[in-house]
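Given next are the chains, with one letter for each unit.
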Amino acid sequence: MRLIVGLGNPGPRYADNRHNIGFLAVDEIVRRYSFGPIKSKFHGAIAEGTIGSEKTICLCPTTFMNDSGRAVQAAMQFYKLEPGDITVIHDEIDLPLGKVKVKRGGGAGGHNGLRSIDAHIGPDYWRIRLGVGHPGVKAAVKNFVLMDFGKEERKLVDEINAVCAENLPLLFSADENKYMNKINITLNPPPPKDTPKDGPKRDAGEAK
């Protein structure tokens, strides 16, 4: 069994904030894989479904970001999961919008949601880090992550979340590098190779 946790703050005031990209990602997963109805449990909103061959629980804590660990710990204990069975999806200010990185373990990096989870279950869980950009000044970060995505940014967020959801079976098969590469190549395809203006080069002995 897998537990996927999206991080964010509850309520309509925060719904489209950069800080809530984890909630938005889980919404897309639940929709794409036709999960069951959303229920209130474990200090959060949960839905159950299957991704590939894996039974999966999606959880969005409703404790507010700073206390996310309480919800994660409750679900983990109920389902008798290990940290390695848990994937947390969260905003990452050190990555530009459109970039995604995946890793297991590590520090909280100043993210209050991760800090709370670390305090409750330790750091040895998976993280899908969704870039939201940086305001450029450390003092502006708090207000920046609580700002809504712009209209064009939100279109990109929806695309990011769709690609991340579609390729989750790769991550569940323990091939995080393939998962990450697939996402980033899809979102940022390499430019097409230029075709020589005078057409393909002829071999030396080719008839003209």
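Preceding this paragraph is the structure being described.
On a predicted model such as this, the values are computed, not experimentally measured, just so you know.

Asker: Explain the overall build of the protein chain to me, using residue names and the numbers behind them.
Answerer: For the protein chain, the helix and strand inventory stands at 7 helices and 7 strands. Helices (α) and strands (β) of the protein chain occur, in sequence order from the N terminus, as β-α-β-β-β-α-β-β-α-β-α-α-α-α. Each principal axis of the C-alpha atoms in the protein chain carries an extent, and together these give about 75 × 45 × 30 Å. Across the 208 residues that make up the protein chain, the buried fraction comes to 48%. The contacts of the protein chain with a sequence gap of at least 6 include a subset with a gap of at least 24, amounting to 68%.

Asker: Which residues make up empty space enclosed by the protein, and what are the values?
Answerer: A full pass over the atoms with the stated rule returns 1 cavity of 30 Å³ or more. Roughly 50 Å³ of volume is contained in the largest cavity. If you go around the largest cavity, the residues you meet are A25, I29, I89, I128, L130, N161, C164, A165, L168 and Y179. Of all the secondary structure elements, the ones that give two or more residues to the lining of the largest cavity are helix 1 (21-32), strand 7 (126-131) and helix 5 (151-166). Here the lining of the largest cavity gets 3 residues from one element, more than from any other, and that element is helix 5. Within the lining of the largest cavity, the residues separate by chemical class into 9 nonpolar, 1 polar and no charged.

Asker: Any details on the side chain of S68? Residues and values, ideally.
Answerer: Tracing the backbone through its elements, the reader meets S68 in helix 2 (residues 68-79). Owing to a relative accessible area of 1%, S68 belongs among the buried residues under this scheme. Apart from the residues within four sequence positions on either side, S68 is in contact with L7, P61, T63, G113, S116 and I117.

Asker: Give me the environment of P190: which residues, what numbers.
Answerer: Residue placement: P190 occurs in the segment after helix 7 (176-187). C-alpha of P190 to C-alpha of K138: the two residues are 52 residues apart in sequence and 32 Å apart in space.

Asker: How would you explain the environment of G122 if you had to name every residue and give the values?
Answerer: Mapped onto the fold, G122 is located in the loop between helix 3 (112-121) and strand 7. Each C-alpha atom, one on G122 and one on D91, is 19 Å from the other, the two residues being 31 residues apart in sequence.

Asker: Go over the pattern of salt bridges, please, and point to the residues and values.
Answerer: Side chains carrying opposite charge are able to pair once their charged atoms draw close together. Under the criterion given, the structure shown has 11 salt bridges. As a salt-bridge pair, R2 and E54 come within 3.5 Å of each other at their nearest N and O atoms. Taken as a pair, R2 in strand 1 (residues 2-6) and E54 in strand 4 (residues 54-61) lie far apart in primary sequence, 52 residues in all. Residue R2 is classed as buried on the basis of its relative accessible area, which comes to 14%.

Asker: So what's going on with helix 5? Which residues, and what values?
Answerer: Under the 1.5 Å per step criterion, the end-to-end length of helix 5 is 23 Å for 16 residues, consistent within 8% with the ideal 22 Å. Among the residues making up helix 5, those that are buried are V157, I160, N161, A162, V163, C164 and A165. Tucked into the core, helix 5 has its buried residues touching helix 1, strand 6 (100-104), strand 7, helix 6 (168-172) and helix 7.

Asker: Outline the packing of aromatic side chains, listing residues and values.
Answerer: The relative placement of two aromatic rings is captured by the distance of their centres and the angle of their planes. Across all of its chains, the model carries 4 aromatic pairs by this definition. For the ring pair F78 and Y79, a centre distance of 4.9 Å and an interplane angle of 85° mean the geometry is edge-to-face. What makes F78 partly exposed here is its relative accessible area of 48%. Owing to a relative accessible area of 16%, Y79 belongs among the buried residues under this scheme. Cluster of aromatic residues (ring-pair linked, three or more members): F42, F78 and Y79.

Cut-offs and rules
- Residues numbered from 1 in each chain as written.
- Predicted model: local features only at pLDDT ≥ 70, side-chain atom pairs only at ≥ 80, totals over all residues.
- Heavy atoms only, no water.
- Helix = DSSP H or I, 4+ residues; strand = E, 2+ residues; numbered from the N terminus.
- Buried < 20%, exposed > 50% of the residue type's maximum accessible area, 1.4 Å probe, protein only.
- Contact = heavy atoms within 4.5 Å.
- 1 Å grid on protein atoms, 1.4 Å probe; cavity = no way out; pocket = protein on both sides within 12 Å on 5 of 7 lines; lining within 4 Å.
- Points joined across faces, edges and corners; volume = space filled by probe spheres on them.
- Nonpolar A, V, L, I, M, F, W, Y, C, P; charged D, E, K, R; others polar.
- Salt bridge = Lys/Arg side-chain N within 4 Å of Asp/Glu carboxyl O.
- Expected span 1.5 Å × (residues − 1).
- Phe/Tyr/Trp six-rings, centres within 6.5 Å; stacked < 30°, edge-to-face > 60°.

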